[in-house]
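# Coordinate inspection notes
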Amino acid sequence: MAPPMSAGAFLDALRNEGVTVVEVGDWREHNRNHKGPWGPVHGVMIHHTVTRGTGNTVRICYDGRPDLPGPLCHGVITKDGTVHLVGHGRANHAGLGDDDVLRAVIAEKVLPPDNEANTDGNRHFYGFECENLGDGEDPWPEAQLEAIEKVAAAVCRRHGWSERSVIGHAEWQPGKVDPRGFTMGWLRERVRDRLK
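Note that the coordinates shown come from a computational prediction; the quantities given were computed from them, not determined experimentally.

### Section: the state of the cysteines
Evaluated as defined, the whole model comprises 0 disulfides. Free cysteine Cys73: the closest other cysteine sulfur is in Cys61, separated by 4.2 Å. There is no disulfide at Cys156, and the cysteine sulfur nearest it, in Cys130, is 14 Å away.

Right, dumping it as structure tokens:
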């Protein structure tokens, strides 16, 4: 079991991995902890936003939507590869997912198919939303892909996890497709190589 990093340790881990970071508002205290526990943490979850434009995307992820209060993640990775920190603590990003997937992440094994939504993921995963329309056509610039790789590796490095602790929302929650436009297997290979 891993306790979550402090906000300062989280920021340091990202910067030590070479990530360009922007701190947004009171991100260190911005969370949904009053709705449930944050931790123990077991992995990093990657999403796409279905939004366009840095300002709009960061605002939505910080404030939330009418049907889902913010923060909607811990960091927003924009097209230029900048990571905008919008929350620290419990965030509305993972939702309910498959307990078998969580067990595989903890054991760092190959993920089984996600066929249940019976486990609270918001307490167990760091979440990064990546600016992309998620239509399979919106491009993923190399700067953004490199930043996704770096943030995942930074969190894994800090906790002593392997690339197997990095999953996509689609691998956690039935019916989700994100991130769309690259495979998580490809991303995990990049994270594995970075952690060597």
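### Looking at the nonpolar core
In this structure, Phe10, Leu14, Ile46, Tyr126, Phe128 and Ile148 are the most contacted members of the largest nonpolar core, which totals 37 residues. Secondary-structure elements contributing two or more residues to this core are helix 1 (7–16), strand 2 (43–48), strand 6 (83–85), strand 9 (125–130), helix 4 (142–159) and helix 6 (184–195). For this core, the element with the most residues is helix 4, which contributes 9 residues. Once residues within four sequence positions are removed from consideration, Leu14 is found in contact with Val19, Val21, Leu85, Phe128, Val151 and Ala154. The next biggest cluster of nonpolar side chains, apart from the first, holds 10 residues, and it includes Met45, Ala94, Ala104 and Leu111.

### Some thoughts on the confidence of the model for the chain
Summing up the model confidence of the chain, the mean pLDDT is 98 and the portion of residues at 70 or higher is 99%. Across the chain, strand 6 holds the top mean pLDDT of 99, while strand 3 (residues 64–65) sits lowest at 97.

### Quick notes on helix 4
A rise of 1.5 Å per residue sets the reference length of helix 4, with its 18 residues, at 26 Å; its end C-alpha atoms lie 26 Å apart and thus fit the reference within 8%. Burial analysis of helix 4 places 13 of its 18 residues in the buried class, which makes it a mostly covered element. Within two residues after helix 4, Gly160 carries a phi angle of roughly 75°, on the positive side.

### Focus on the pairing of strand 9
Of all 6 residues in strand 9, 6 are buried; the element is thus mostly enclosed. Bridge count for strand 5 (residues 75–77) against strand 9 is 3 bridges, and the pairing is parallel. Bridge pairing in strand 9 links Ile77 to Cys130.

### Structural notes on the packing of helix 1 against helix 4
Axes are the key here: two packed helices are described by the angle between their axes and the distance separating the axes. Between helix 1 and helix 4, the least distance of the axes is 8 Å, while the angle of their chain directions is 120°. Here helix 1 is positioned oblique relative to helix 4, judged by the angle of their axes. For the element pair helix 1 and helix 4, the recorded crossing hand is right-handed. Note on element contacts: helix 4 touches helix 1 through Val151, Ala154, Val155 and Arg158, opposite Ala9, Phe10, Ala13 and Leu14. Residues belonging to the contact of helix 1 with helix 4 are distributed by class as follows: 7 nonpolar, no polar and 1 charged.

### A closer look at helix 6
Helix length check: helix 6 (12 residues) gives 16 Å between terminal C-alpha atoms against 16 Å at 1.5 Å per residue, within 8%. When helix 6 is considered as a whole, its buried residues turn out to be Met184, Leu187, Arg188, Arg190 and Val191. Buried residues of helix 6 fall within an arc of 160° about the axis and therefore sit on the same side. Residues of helix 6 that are buried sit in contact with strand 2, helix 4, strand 10 (166–168) and helix 5 (169–172).

Cut-offs applied
- Residues numbered from 1 in each chain as written.
- Predicted model: local features only at pLDDT ≥ 70, side-chain atom pairs only at ≥ 80, totals over all residues.
- Heavy atoms only, no water.
- Disulfide = S-S within 2.5 Å.
- Core = buried A, V, L, I, M, F, W, Y, C linked by side-chain atoms within 4.5 Å.
- Buried < 20%, exposed > 50% of the residue type's maximum accessible area, 1.4 Å probe, protein only.
- Helix = DSSP H or I, 4+ residues; strand = E, 2+ residues; numbered from the N terminus.
- Contact = heavy atoms within 4.5 Å.
- pLDDT = per-residue confidence, 0-100.
- Expected span 1.5 Å × (residues − 1).
- Pairing = 2+ DSSP bridges.
- Axes fitted to C-alpha atoms, helices over the stretch in contact; angles between N-to-C directions.
- Parallel < 35°, antiparallel > 145°, perpendicular 65-115°, else oblique.
- Left-handed = near helix turned anticlockwise from the far one by under 90°.
- Nonpolar A, V, L, I, M, F, W, Y, C, P; charged D, E, K, R; others polar.
- Arc of directions from axis to C-beta.

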